[in-house]
Amino acid sequence: MTASLRPAGPADAEAVAAIWYAGWGDGHLGHVPDELVAIRTKDSFWTRAAERVADTTVAVVGDEVAGFVMVVGDEVEQVYVSRDHRGSGIAGVLLAEAEQQVKANGHAEAWLAVATGNARARRFYERSGWTDAGAFDYPATTDSGPIPVPCHRYTKPV
């Protein structure tokens, strides 16, 4: 089944949060500081998903949100697909949409951060034409200030 893309609305926040929470755990547990894991409670994903609706585009299959991206400026901040739809090509469709949004925001290059140990995501971005521009500490936003997370910066001309 083909996915359609649309801007997220407030009613999508619940589905986005559930996908984000599960996917974040799959890609980050064991690869980010324990301090960040302690702060990224299940409730925190529901709060942040509701706050980030304006930055979010969802992929819908049938009447179900199957994945989402969040783009701010030139950064592709989040790319997640529900477990039920992984391997279906939706991640590639969402990533291409994110690249177009970065271009529409007036930037010639998109970037994103991937936790160093998240090999599955790193392979996906490399297969999608992104270049590993090197290791850096990504300042993960928290209510008590940023927490540095060992990541790799990936870039792609758009």
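This text follows the structure it describes.
This one's a predicted model, so the numbers in the text were calculated from it and none came from an experiment.

(A) Examining the side chain of Asn118 more closely. Note on placement: Asn118 falls in the loop between strand S5 (109-115) and helix H5 (119-127). Among the polar contacts listed, one links the side chain of Asn118 to the backbone oxygen of Gly27, at a separation of 3.3 Å. Side-chain polar atoms of Asn118 contact the backbone nitrogen of Ala121, separated by 3.3 Å. Excluding residues within four positions of it along the chain, Asn118 makes contact with Gly27 and His31.

(B) Spotlight on the packing of helix H1 (residues 13-28) against helix H3 (residues 42-51). At their nearest, the axes of H1 and H3 sit 8 Å apart, and the two run at 135° to each other. With respect to each other, H1 and H3 are oriented oblique. The hand of the H1/H3 crossing is right-handed. Residues Ala13, Glu14, Val16, Ala17, Ala18, Trp20, Tyr21 and Trp24 of H1 touch H3, and the partners they reach there are Lys42, Phe45, Trp46, Arg48, Ala49 and Ala50. Looking at the contact of H1 with H3 residue by residue, the classes come out as 11 nonpolar, no polar and three charged.

Rules behind the numbers
- Residues numbered from 1 in each chain as written.
- Predicted model: local features only at pLDDT ≥ 70, side-chain atom pairs only at ≥ 80, totals over all residues.
- Heavy atoms only, no water.
- Helix = DSSP H or I, 4+ residues; strand = E, 2+ residues; numbered from the N terminus.
- Polar contact = N/O pair within 3.5 Å; in protein donor to acceptor, adjacent residues only side chain to side chain.
- Contact = heavy atoms within 4.5 Å.
- Axes fitted to C-alpha atoms, helices over the stretch in contact; angles between N-to-C directions.
- Parallel < 35°, antiparallel > 145°, perpendicular 65-115°, else oblique.
- Left-handed = near helix turned anticlockwise from the far one by under 90°.
- Nonpolar A, V, L, I, M, F, W, Y, C, P; charged D, E, K, R; others polar.

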